[in-house]
Amino acid sequence: MPRSPVALIIALSATLFAAFALNSGASLQSSLLALRASAEGFAPIFTGIIMASYYIGFVAGIVWGASLVNRVGHIRTFAALASTGSAITLLHAVFVDPITWSLFRALTGLCVSGLYLVIESWLNAQADNTSRGGTIAIYMTVSLGGLAIGQLLLNVSPISSFELFTVASVLLSLSLVPLALTRQPPPTAVSGERMTFRRLYNISPLGFVAASGAGVLSGAIYGVGPVFAADLGLPTHDVAYFMFFVILGGMIMQFPIGKLSDMVPRQYVMIVVLFGLAICGLIPLAAPDMIRNNLTLWGGITGVFIMPIYGLAVAYVNDYLEPEDIVPASGGLLIIYGASAATGPLLGASAIGHMGPWALPVCFAIIGICVASFAIYRAGFGRRISIEEQGQFVAVPRTTPMAFELSPITDDPGQDQEDGQTAGSSPLDPDEIAEMMTPDGTAHPDDFGQVTVDDPQPGDDTERQSGSGSETGPASGSTSR
């Protein structure tokens, strides 16, 4: 019997608290460093390099995190990475230098990626088949809530002070407490299997390109979004509200947009969202004063169009995959997303440095138009997925492949039916049995176990072998899936 949402939250409370604290601390640190780098007089390109370094470390965590967890265990990995990340956060306030901060950000990305992996492995171990959908929904809500609250913590103290680095460090340290004290057995080994980039592109060129575009957009808005708002003259507390509403807009609308993509062809929803982003990015050129006076509202609308793109890309790729390929594909897509996200802060910071803050929305518009144009181009190629064939959209955090293990989309809908047939609960259709038979009326050897075959009589072996061999191709083809 499925557990109620309240019972599920109570059962997962320790792990969810760890996720909330981790996301809050990481979110606060990201915006704090972007604003502090600008306040320290770092050149925009150096700010971009600092923020891009995080994603380089994050991708490294995706690649090597599983081997680390499997070698030393979940709790030890989490303790080591949380302690390291907490210490690095404080060191930012001690060594104020672009090169040092770039190294620190890369190490932070590596630590946070590994921490996500442990948290999602633990959630996956706690969830069963009746609660996986509820678990991923609650985890997604808690994660985005933590990211949003982290932005508001910018108002706790001036960005020039040591206190905000301390708050971010404390949050990372607190994420360790519930998992360190848990009495539950640790999860099993983590799979590090990933699908190759070439195969991902061959399966869905549009999904590949859209995931890349989503990475650039997310890296730009998270990495230099606070700098963009500050350069427009907003005080720190308004910058915090601007980033809060960017995340909130995506949080609120991601699920409705995803569900809409279940009811109409998914690539069309993606095209509409991308063109919506393009329009949103071009409006500031026509009415800069209006956007400046309503920047928080504009940020929320921008978040509505940026945040769902990666989820739509993943869902579009999953429509072409078997359930057992979804998790390996997610690993490849996350690396594509992370590598592309590393270019986002560089692109955004360079544009702001050369052309001013309004260049960032123009970059959003250009990326939206380019990816939408490719989606329109690809609409005339390949096998078309009907509405009935489309899988279910599930909003999954852009963290590690383990998040996809939680998702119900990895279930094989035909598995229960096959198990039932094996148990004899659903007999085979007579026409199917007839197709499996060879001309002499016996079952083909490849189909043994599916059709009951009379015991061979002495002297019949030669005749049966010759009869079955003559129809091997058609018989085998009729039973392939």
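Report follows, based on the coordinates. Here the structure is a predicted model, which is why all the values come from computation and not from measurement. (Residues numbered from 1 in each chain as written. Predicted model: local features only at pLDDT ≥ 70, side-chain atom pairs only at ≥ 80, totals over all residues. Heavy atoms only, no water.)

## Some words on the overall build of the protein
Along the backbone of the protein there are 22 helices and zero strands. A burial count over the protein gives 53% of its 481 residues as buried. In the protein, the share of contacts with a sequence separation of at least 24, taken over all contacts with a separation of at least 6, comes to 83%. Split by element, the accessible area of the protein, about 20,900 Å² in all, is 63% carbon and sulfur. (Helix = DSSP H or I, 4+ residues; strand = E, 2+ residues; numbered from the N terminus. Buried < 20%, exposed > 50% of the residue type's maximum accessible area, 1.4 Å probe, protein only. Contact = heavy atoms within 4.5 Å. Areas by Shrake-Rupley, 256 points an atom, 1.4 Å probe, with all protein chains shown as cover.)

## Observations regarding helix 17 (residues 359-378)
In a regular helix each residue adds 1.5 Å, so 20 residues correspond to 28 Å; helix 17 covers 29 Å between its end C-alpha atoms and thus fits that length. Packing partners of the buried residues in helix 17 comprise helix 10 (205-231), helix 12 (266-286), helix 14 (295-306) and helix 16 (326-355). (Expected span 1.5 Å × (residues − 1).)

## Let's talk about helix 10
Because an α-helix packs 3.6 residues into every turn, residues spaced three or four apart end up facing the same way. If you check helix 10, its first and last C-alpha atoms are 37 Å apart, about what 27 residues at 1.5 Å a residue would give, namely 39 Å. For helix 10, the buried fraction is high: 23 of the 27 residues fall into the buried class. Of the residues one or two after helix 10, Gly 233 is the one with positive phi, at around 100°.

## Structural notes on the side chain of Arg 36
Checked against the element boundaries, Arg 36 lands in helix 2 (residues 13-39). In this structure Arg 36 touches Trp 101, Ile 159, Ser 160, Ser 161 and Phe 165, once residues within four positions along its chain are discounted.

## With respect to the nonpolar core
Of all hydrophobic cores here, the largest spans 131 residues; its most connected members are Ile 119, Phe 228 and Leu 295. The greatest single-element share of this core, amounting to 13 residues, is contributed by helix 10. (Core = buried A, V, L, I, M, F, W, Y, C linked by side-chain atoms within 4.5 Å.)

## Re the packing of aromatic side chains
Counted under the stated rule, the structure contains 12 aromatic pairs. Taken together, the aromatic side chains of Tyr 54, Tyr 55, Phe 58 and Tyr 116 make up a single cluster linked through ring pairs. (Phe/Tyr/Trp six-rings, centres within 6.5 Å; stacked < 30°, edge-to-face > 60°.)

## Side note on a nonpolar patch on the surface
There is a patch of nonpolar side chains on the surface, built from Phe 17, Val 170, Leu 174, Val 177 and Leu 181 and spanning about 450 Å² of accessible area. Mapping Leu 174 onto the fold places it in helix 7 (residues 163-174). (Patch = residues over 30% accessible without salt bridge, like charges linked within 9 Å, V, L, I, M, F, W, Y side chains within 5 Å. Salt bridge = Lys/Arg side-chain N within 4 Å of Asp/Glu carboxyl O.)

## Some details on empty space enclosed by the protein
Sizing a probe to match a water molecule and rolling it over the atoms shows the empty space that remains. Per the counting criterion, the structure on display carries four cavities of 30 Å³ or more. Considering the residues around the largest cavity, the lining is formed by 25 residues, among which Tyr 54, Tyr 116, Leu 147, Tyr 222 and Arg 398 are closest to the centre. Within the residue set of the lining of the largest cavity, elements represented by two or more residues are helix 2, helix 3 (44-72), helix 5 (98-126), helix 6 (132-152), helix 10 and helix 16. There is about 120 Å³ of room inside the second largest cavity. What lines the second largest cavity is a set of 15 residues, among which Ile 62, Ala 66, Leu 117, Ser 191 and Pro 401 lie closest to the centre. Residue assignment for the lining of the second largest cavity shows that the elements contributing at least two residues are helix 3 and helix 5. Among the elements that make up the lining of the second largest cavity, the one with the highest residue count is helix 3 (four residues). Each residue belonging to the lining of the second largest cavity can be placed in one class, and the counts come to seven nonpolar, six polar and two charged. (1 Å grid on protein atoms, 1.4 Å probe; cavity = no way out; pocket = protein on both sides within 12 Å on 5 of 7 lines; lining within 4 Å. Points joined across faces, edges and corners; volume = space filled by probe spheres on them. Nonpolar A, V, L, I, M, F, W, Y, C, P; charged D, E, K, R; others polar.)

## A few points about the packing of helix 11 (residues 236-263) against helix 14
Close contact between helix 11 and helix 14 brings their axes to 6 Å; oriented N to C, the two are set at 35°. When you trace helix 11 past helix 14, the crossing you get is right-handed. Along its contact with helix 11, which presents Tyr 241, Phe 242, Phe 245, Val 246, Gly 249, Gly 250, Met 253 and Ile 257, the element helix 14 presents Leu 295, Thr 296, Trp 298, Gly 299, Gly 300, Gly 303 and Val 304. Here the contact of helix 11 with helix 14 is built from residues that sort into nine nonpolar, six polar and no charged. (Axes fitted to C-alpha atoms, helices over the stretch in contact; angles between N-to-C directions. Left-handed = near helix turned anticlockwise from the far one by under 90°.)

## Observations regarding the pattern of salt bridges
Taken as a whole, this structure holds five salt bridges when the rule is applied. For Asp 325, the salt bridge is made with Arg 199, and the minimal N-O distance between the two is 3.5 Å. Placement of the pair is Asp 325 in the loop between helix 15 (308-318) and helix 16 and Arg 199 in helix 9 (residues 197-203), with a sequence separation of 126 residues. A residue is classified by how much of its surface remains accessible, and Asp 325, at 18% relative accessible area, is buried. On the basis of relative accessible area, Arg 199 is assigned to the partly exposed category, the value being 40%. Across the pair Arg 266 and Asp 319 runs a salt bridge, and its minimum N-O distance is 3.0 Å. Taken together, the residues Arg 266 in helix 12 and Asp 319 in the loop between helix 15 and helix 16 connect sequence positions 53 residues apart. There is no split in this pair, since Arg 266 and Asp 319 are both buried. Overlapping salt bridges, with partners in common, bring together Lys 259, Asp 262, Arg 266 and Asp 319 in one network.

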